[in-house]
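In case you want the letters, here they are:
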Amino acid sequence: MQAVPSALRHLLAAVAVVCGLLGLAGTVAAELPDVIERIKPSVVVVGTQQVTRSPQFVMRGTGFVVGDGRTVATNAHVVAAAIDEAAGEKLVILVRPAAGKAQQRPARVVAVDKGHDLALLRIDGPLLPTLTLHESEPVREGQAIAFTGFPIGGALGLSPVTHRGIISAITPIVLPGANARELNARVVQQIREGSFDIYQLDATAYPGNSGGPLFEVSRGEVLGVINMVFVKENKESVLSKPSGISFAIPVRFLRELLQKSGTQ
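It should be emphasised that the depicted structure is a prediction, and the values quoted were computed from it without experimental measurement.

Q: Talk me through the overall build of the chain; I want residue IDs and the actual numbers.
A: Counting secondary structure elements, the chain contains three helices and 12 strands. Counting the 264 residues in the chain, one finds 41% classified as buried. Summed over all atoms, the accessible surface of the chain reaches about 14,100 Å², with 57% contributed by carbon and sulfur.

Next comes the structure, spelled out in structure tokens:
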């Protein structure tokens, strides 16, 4: 058999390496659709239901199922507004099964961490698919991420939407109160003692995304909870002039709240 010239061998080897890299890139790019397909059944709409008003259902934010399949994580500010039980208003979630119409489930708040703007809800009924919380290697700046939720409330329809980007910075922050009246002794003490790290994202989230899961794109493990959006000027400009800067609370604080509440 005729020997292959050295130069040709080197060329063939280089081609093989390039083809391998292209194949690897194709594999990585194909992973996210599979991850999104697994994530979506666990992402829910958090809102209130009242038969005597129009519309009967009002969305407050996004949540996602964790723990035992009957626990929903979201932001504390999503469920902070009072429920008018006397008028028949109820806290509910909307979940959309893989096949079928959206279903309502009554919910109740069982744990709140105002300092990190996190809350846990409990629901009844059949178990829902849960998301896995990340707890292995540290999260790094530049890491690829995605988040799923319901941007701008029901304006785009109550179907989960996914955005992707990177963690652009890990930066300290103190979450402010909604108004000056919430600057109580505990909040002032927190400000004096310092802040905690929060993930700054380069992907654009919208107010309806609050409470949704931030996850890494290869396995779908939850890295954090979408929390705040900087919006330029006013609410009316949110669509035309989004700032593109969003934040997420690191998942370790959610894990601590689950442990304290005994709902893991």
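There is more to say after this.
Q: Tell me what's going on with the sheet that holds strand S3 (residues 71-74), and back it up with residues and numbers.
A: Within a sheet, neighbouring strands are paired by backbone hydrogen bonds and run either parallel or antiparallel to one another. The six strands are arranged S1-S2-S3-S6-S5-S4 in a closed barrel whose pairing can be described as antiparallel. Within the sheet, the average angular offset between the axes of one strand and its neighbour, ignoring direction, is 45°. Sheet topology note: the strand S2 (residues 57-66)/S3 ladder contains three bridges and is antiparallel. Bridge assignment links Phe 64 to a residue of S3, and that residue is Ala 73. Docked against the sheet, helix H3 (residues 251-261) engages S2, S3, strand S5 (103-113) and strand S6 (118-123), running at close to 50° with respect to S6.

Q: Account for the pairing of strand S4 (residues 90-95), with residues named and values stated.
A: Of all six residues in S4, five are buried; the element is thus mostly enclosed. Bridging between strand S1 (residues 43-49) and S4 involves five bridges; their strand directions are antiparallel. Bridging from a neighbouring strand, Gly 47 pairs with Val 92 of S4. Bridge count for S4 against S5 is four bridges, and the pairing is antiparallel. What sits directly across from Leu 94, in S5, is Gln 104.

Q: A description of the nonpolar core should follow, citing residues and the corresponding values.
A: Counting 33 residues, the largest nonpolar core has Phe 64, Leu 118, Leu 120, Leu 133 and Leu 254 as its most contacted members. Per-element tally for this core: the top contributor is H3, with five residues. Leu 254 has contacts with Phe 64, Ala 73, Leu 118, Leu 120, Leu 133 and Val 225, leaving out every residue within four places of it along the chain. Counting 15 residues, the second-largest nonpolar core is a separate cluster that includes Val 72, Val 78, Ala 107 and Leu 128.

Q: I'd like a rundown of the confidence of the model for the chain, residues and numbers included.
A: Mean pLDDT over the chain: 81, with 71% of residues reaching 70 or higher. When pLDDT is averaged over each helix and strand of the chain, the minimum, 57, is found for helix H1 (residues 6-39) and the maximum, 98, for S3. With pLDDT under 50 throughout, residues 11-30 is counted as low confidence; its partners more than four residues away or in other chains account for zero contacts. Between residues 231-237, whose pLDDT stays under 50, and residues either more than four places distant or in other chains, the model counts eight contacts.

Q: Residue-level account of unusual backbone geometry, with values.
A: The bulk of non-glycine residues show a negative phi, and the bulk of peptide bonds are trans. That bond from Ser 54 to Pro 55 is cis: its omega, 0°, falls within 30 degrees of zero. With respect to the helices, strands and loops of the structure, Pro 55 is situated in the loop between S1 and S2. Not every positive phi belongs to a glycine, and Asp 117 is a case in point at roughly 55°. Relative to the assigned elements, Asp 117 resides in the loop between S5 and S6. Take Asp 117: its relative accessible area is 10%, and that puts it in the buried class.

Q: Which residues make up H3, and what values go with them?
A: All of the buried residues in H3 are Val 251, Phe 253, Leu 254, Arg 255, Leu 257 and Leu 258. One or two steps after H3, the chain reaches Gly 262, where phi turns positive at roughly 70°.

Q: Now, about the pattern of salt bridges: what can you tell me, with residues and values included?
A: For the coordinates displayed, the defined rule picks out seven salt bridges. The salt bridge partner of Arg 122 is Asp 68, with a shortest N-O separation of 2.9 Å. Highlighted residues: Arg 122 in strand S6 and Asp 68 in the loop between S2 and S3, separated in sequence by 54 residues. Judged by its relative accessible area of 17%, Arg 122 falls in the buried class. Salt bridges linked by common partners bring Glu 137, Glu 216, Arg 219 and Glu 221 together as one network.

Q: Break down the environment of Ile 166 for me, with residues and values.
A: With respect to the helices and strands, the residue Ile 166 is situated in strand S8 (residues 161-173). Spatially, the C-alpha atoms of Ile 166 and Glu 216 are 9.3 Å apart, while their sequence positions differ by 50 residues. With sequence-adjacent residues up to four places away left out, Ile 166 is seen in contact with Gly 142, Gln 143, Ala 144, Ile 145, Gln 200, Leu 201 and Asp 202.

Q: Describe the environment of Asp 202, with residues and values.
A: Along the chain, Asp 202 falls in the loop between strand S9 (196-201) and strand S10 (213-216). The sequence separation of Asp 202 and Ser 246 amounts to 44 residues, and the corresponding C-alpha distance is 6.8 Å. Among the polar contacts listed, one links the side chain of Asp 202 to the backbone nitrogen of Ile 166, at a separation of 2.7 Å.

Conventions adopted
Residues numbered from 1 in each chain as written. Predicted model: local features only at pLDDT ≥ 70, side-chain atom pairs only at ≥ 80, totals over all residues. Heavy atoms only, no water. Helix = DSSP H or I, 4+ residues; strand = E, 2+ residues; numbered from the N terminus. Buried < 20%, exposed > 50% of the residue type's maximum accessible area, 1.4 Å probe, protein only. Areas by Shrake-Rupley, 256 points an atom, 1.4 Å probe, with all protein chains shown as cover. Pairing = 2+ DSSP bridges. Axes fitted to C-alpha atoms, helices over the stretch in contact; angles between N-to-C directions. Contact = heavy atoms within 4.5 Å. Core = buried A, V, L, I, M, F, W, Y, C linked by side-chain atoms within 4.5 Å. pLDDT = per-residue confidence, 0-100. Salt bridge = Lys/Arg side-chain N within 4 Å of Asp/Glu carboxyl O. Polar contact = N/O pair within 3.5 Å; in protein donor to acceptor, adjacent residues only side chain to side chain.

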